[in-house]
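# Results of the structural survey
Spelled out, the chains give:
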Amino acid sequence: MHPNAAGLDIGSEEIVVAVPPERDPQPMRVIRTFTPDLHALVAWLVACGVGTVAMESTGVFWIPSA
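Residues numbered from 1 in each chain as written. Predicted model: local features only at pLDDT ≥ 70, side-chain atom pairs only at ≥ 80, totals over all residues. Heavy atoms only, no water.

With 13 residues, helix α1 (residues 35-47) should reach 18 Å at 1.5 Å per residue; the first-to-last C-alpha distance of 18 Å fits that figure. Residues of α1 that are buried: Leu41, Trp44 and Leu45. Projected down its long axis, α1 shows its buried positions confined to an angular sector of 100 degrees, all on one face. Exposed residues pointing more than 90 degrees away from the buried face of α1 are listed as Thr35, Pro36, His39, Val46 and Ala47. Residues of α1 that are buried sit in contact with β1 (5-10), β2 (14-18), β3 (28-32) and β4 (52-56). Count one or two residues on from α1 and you reach Gly49, which has phi positive near 75 degrees. (Helix = DSSP H or I, 4+ residues; strand = E, 2+ residues; numbered from the N terminus. Expected span 1.5 Å × (residues − 1). Buried < 20%, exposed > 50% of the residue type's maximum accessible area, 1.4 Å probe, protein only. Arc of directions from axis to C-beta. Contact = heavy atoms within 4.5 Å.)

Structure below.
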């Protein structure tokens with residue numbers, strides 16, 4: 001078990017993110033997939049003390065584009 005982990009469900013237009021419920025008053029969020037939103041996601045995960053993420057994607061949306 002990884003107590004400092006978050007779960008990400010990655011889609012083409014949005015990412016659903018969950019952190020441990022004691023880490024934030026709103027432990028589940030929906031994030032858009034634009035670059036500024038992804039930077040905000042990283043900042044939020046760091047603020048929540050997340051060091052590990054588990055990603056789920058049924059497509060190729062998790063692959064960074066060049």
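Moving on from the coordinates now.
Let's shift gears to the environment of Met55. Following the sequence through the fold, Met55 ends up in strand β4. With 49 residues separating them in the primary sequence, Met55 and Ala6 have C-alpha atoms 8.7 Å apart. In this structure, Met55 is in contact with Leu8 and Ile10, ignoring residues within four places of it in sequence.

With that settled, the discussion passes to the side chain of Asp24. Following the sequence through the fold, Asp24 ends up in the loop between β2 and β3. A polar contact is formed between the side chain of Asp24 and the backbone nitrogen of Gln26, at a distance of 2.8 Å. Polar side-chain contacts of Asp24 include one of 3.3 Å to the side chain of Trp44. Those residues in contact with Asp24 that sit more than four places away from it in its chain are Val19, Arg29, Trp44 and Cys48. (Polar contact = N/O pair within 3.5 Å; in protein donor to acceptor, adjacent residues only side chain to side chain.)

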